[in-house]
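Next come the chains, spelled out residue by residue.
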Amino acid sequence: MRSDSHLPKALQGLRIPAVAAPLFIVSVPDLVIAQCTSGIIGSFPALNAREAEGEPPMLEAWLKQITEALDAHNQANPDRPAAPFAVNQIVHRSNTRLERDLEICARWKVPIWITSLGARVEVNEAAHSCGGIALHDIINNTFAKKAIDKGADGLIAVSAGAGGHAGPQNPFALIEEIRAWFDGPLLLSGSIASGHAILAAQVAGADLGYIGSPFIATEEANAVPDYKQMIVAGGAEDIVTSSLFTGVSGNYLKPSIAKAGMDPDNLPGADASSMSFKSGSSKPKAWKEIWGSGQGIGTVKSVGPASDLVDRLAREYDAALASVMDYAKGRG
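Keep in mind it's a predicted model, so treat the numbers as computed, not measured.

Trainee: What am I meant to see in the environment of lysine 146 here?
Mentor: Examined against the element boundaries, lysine 146 turns out to sit in helix α5 (residues 141-149). When its relative accessible area of 44% is taken as the criterion, lysine 146 is described as partly exposed. Each C-alpha atom of the pair lysine 146 and arginine 120 lies 9.4 Å from the other, and the pair is 26 residues apart in sequence.

This is the structure we're talking about:
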């Protein structure tokens, strides 16, 4: 475990070493603002900002809202500035909005760019053109090397147990293989749902924890009440892994699958050719209520403000760190 002095400035000085993952549909400006003003990096997928045909780009309006809110917070709280925010770009070939969204994000000088489902040089160059950094989602060491070769500044290791398009590998194995050759920014995703897990990620070799599913059960999240309550009521045994819904392996809430009339224990598969982001979604409308989640939701006990969740994470992180320090002193 090391200090954050080796990291890019955008990843330094956070209240706790954590990034809130961009959640499909769920992450909206109110949630991002609450995350950033609470001291962790907030994020949203660019494709969440969807306007009606003929209207100005909603992404532009979202970036304006977030930027102005964080500037106002910083002016009012000079001793407690907001953390920066990130925008997730889906680099899949079916995302017909990508070029437009890159131009908008570069113009608004987005500080952190998170790329998924494909590593492309031009996307990293767009991030660098406005002084931003690019972090790329990967599920194995091969993809990690490709991402860095194409100009990514850092990696998000998506391991087993993560929500959304989760990887199959154990986090310890994945981090060890990456750290054998890469010393740059490394985030860990996969059931990071407590302050103890954030510290464990650091001890294992990551720089920051990457937290998604717990933020679904917050007041600012754009999720229906039933989805939020399913997160609160659920645990690791309520998560099923399937490629049926997007063509790529992902983790979903069993009760939502059962509610849709399917057997979550006997789902057929689908291949990656069925994935499409042309309409801003990789899910057919028939499956719009199949809800994603990671395995770490057992820590979520109620729906509340995002700031309360960050407060809990900070308390747990500080307590875990103090415990480790006491143990180290005892051994010394």
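Trainee: How do you make sense of the nonpolar core when you look at a structure like this?
Mentor: Counting 50 residues, the largest nonpolar core has Ile178 and Phe215 as its most contacted members. Element by element, the count of residues in this core is highest for helix α10 (residues 306-331), at seven residues. Once you skip the residues sitting within four places of it in the chain, isoleucine 178 turns out to touch Ile138, Asn141, Ala144, Leu155, Ala157 and Leu186.

Trainee: Teacher, can you tell me more about the pattern of salt bridges here?
Mentor: Pairing between side chains becomes possible if they bear opposite charge and their charged atoms approach one another. Taken as a whole and assessed by the stated rule, the structure comprises 12 salt bridges. With a shortest N-O distance of 2.9 Å, arginine 15 and aspartate 311 are connected by a salt bridge. Here the residue arginine 15 occupies a position in the segment before β1 (18-20), and aspartate 311 occupies one in helix α10, the gap between them amounting to 296 residues. Overall, arginine 15 belongs to the partly exposed group, its relative accessible area being 43%. For aspartate 207, the salt bridge goes to arginine 179, with nearest N and O atoms at 2.8 Å. One end of the pair, aspartate 207, is in the loop between α7 (195-204) and β8 (208-211); the other, arginine 179, is in helix α6 (residues 171-179), with 28 residues separating them in the sequence.

Trainee: Even after reading the chapter, I still don't get the packing of helix α1 (residues 29-37) against helix α2 (residues 58-76), so can you show me in this structure?
Mentor: Helices that pack against each other are described as a pair by the angle of their axes relative to one another and the distance between those axes. At a minimum axis separation of 10 Å, α1 and α2 run at an interaxial angle of 30 degrees. Classified by the angle between their axes, α1 and α2 sit roughly parallel to one another. Here α1 and α2 pass one another in a crossing that is right-handed. Between α1, through Pro29, Asp30, Val32, Ile33, Cys36 and Thr37, and α2, the contact on the second element is made entirely by Trp62, Gln65, Ile66, Ala69, Leu70 and His73. In terms of residue class, the contact of α1 with α2 is made up of eight nonpolar, three polar and one charged.

Trainee: I would appreciate a short explanation of α10 in the present structure.
Mentor: Given 3.6 residues per helical turn, the α-helix brings residues three or four places apart onto the same face. If you check α10, its first and last C-alpha atoms are 38 Å apart, about what 26 residues at 1.5 Å a residue would give, namely 38 Å. Within α10, burial applies to Ala306, Leu309, Val310, Arg312, Leu313, Ala314, Glu316, Tyr317 and Ala320. Elements in contact with the buried residues of α10: α1, α7 and β8.

Trainee: Please clarify how the side chain of glutamine 35 should be interpreted in this entry.
Mentor: The topology assignment puts glutamine 35 in helix α1. The residues contacting glutamine 35, other than those within four sequence positions of it, are Ala20, Ile40, Gly42, Ser43 and Phe215.

Parameters and conventions
Residues numbered from 1 in each chain as written. Predicted model: local features only at pLDDT ≥ 70, side-chain atom pairs only at ≥ 80, totals over all residues. Heavy atoms only, no water. Helix = DSSP H or I, 4+ residues; strand = E, 2+ residues; numbered from the N terminus. Buried < 20%, exposed > 50% of the residue type's maximum accessible area, 1.4 Å probe, protein only. Core = buried A, V, L, I, M, F, W, Y, C linked by side-chain atoms within 4.5 Å. Contact = heavy atoms within 4.5 Å. Salt bridge = Lys/Arg side-chain N within 4 Å of Asp/Glu carboxyl O. Axes fitted to C-alpha atoms, helices over the stretch in contact; angles between N-to-C directions. Parallel < 35°, antiparallel > 145°, perpendicular 65-115°, else oblique. Left-handed = near helix turned anticlockwise from the far one by under 90°. Nonpolar A, V, L, I, M, F, W, Y, C, P; charged D, E, K, R; others polar. Expected span 1.5 Å × (residues − 1).

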